[in-house]
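# Observations on the three-dimensional arrangement
Spelled out from the first residue to the last, the chains are:
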Amino acid sequence: MKIKLIIIIIILVALSLFAITKGNIFIVPNSCVGCGDCIGVCPTNAIEIIDGKAVIDTKLCIDCEICITSCTYKAIRKNK
Ligand code: SF4
Ligand code: SF4
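Now for a quick tour of the structure. (Residues numbered from 1 in each chain as written. Chains lettered and ligands numbered in written order. Predicted model: local features only at pLDDT ≥ 70, side-chain atom pairs only at ≥ 80, totals over all residues. Heavy atoms only, no water.)

### A few points about the site of ligand 1
The full set close to ligand 1 counts 13 residues, and Cys 32, Cys 35, Gly 36, Cys 38 and Cys 71 are the nearest of them. Of the residues in the shell around ligand 1, the class split is 10 nonpolar, 2 polar and 1 charged. (Near = heavy atom within 4 Å. Nonpolar A, V, L, I, M, F, W, Y, C, P; charged D, E, K, R; others polar.)

See the structure below:
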């Protein structure tokens, strides 16, 4: 019983940390050329091209940062 409670607390803490740190990745529209290279590397399909620019769905993004290195135009950044 006590172990279950500890596990539930750990899960709740992990979820709140996740919620706090989410949404740190963003696109700089002026730098994005809409090549789509970042779309293929995103594990959660959080990126799509809208009107020729990449857009990140913050509900799907898990802040893994994989897309940052995929962009040769340095259009994907992380909030510090
Ligand atoms: S890889 Fe970079 S330039 Fe290409 S669509 Fe993604 S953000 Fe834009
Ligand atoms: S940080 Fe990860 S999950 Fe978020 S858009 Fe980039 S590749 Fe996708």
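### Remarks on the nonpolar core
Membership of the largest hydrophobic core comes to 14 residues, with the highest contact counts inside it found for Ile 47 and Ile 76. For this core, the secondary structure elements donating two or more residues are β1 (25-27) and β3 (53-56). For Ile 76, the residues in contact, after removing those within four places along its chain, are Ile 25, Phe 26, Ile 27, Cys 38, Cys 67, Ile 68 and Cys 71. (Core = buried A, V, L, I, M, F, W, Y, C linked by side-chain atoms within 4.5 Å. Buried < 20%, exposed > 50% of the residue type's maximum accessible area, 1.4 Å probe, protein only. Helix = DSSP H or I, 4+ residues; strand = E, 2+ residues; numbered from the N terminus. Contact = heavy atoms within 4.5 Å.)

### Quick notes on the environment of Thr 58
Relative to the assigned elements, Thr 58 resides in the loop between β3 and α3 (66-70). With relative accessibility at 45%, the residue Thr 58 sits in the partly exposed group. Considered as a pair, Thr 58 and Ile 25 are 33 residues apart in the sequence and their alpha carbons are 8.4 Å apart.

### Considerations on unusual backbone geometry
Within the chain, Asn 45 stands out as a residue other than glycine whose phi angle is a positive 55°. Topologically, Asn 45 is positioned in the loop between α2 (37-41) and β2 (47-50). Take Asn 45: its relative accessible area is 61%, and that puts it in the exposed class. The backbone phi angle of Asp 51 is positive, close to 50°, even though this residue is not glycine. Take Asp 51: it is sitting in the loop between β2 and β3.

### Let's talk about the pattern of salt bridges
A side chain with one charge can pair with a side chain of the opposite charge if their charged atoms come near. By the definition in use, this model includes 1 salt bridge. Residue Glu 65 is joined to Lys 78 by a salt bridge in which the shortest nitrogen-to-oxygen separation is 2.8 Å. In this pair, Glu 65 is assigned in the loop between β3 and α3 and Lys 78 in strand β4 (residues 76-78), connecting sequence segments 13 residues apart. Judged by relative accessible area, Lys 78 falls into the partly exposed class, the value being 35%. (Salt bridge = Lys/Arg side-chain N within 4 Å of Asp/Glu carboxyl O.)

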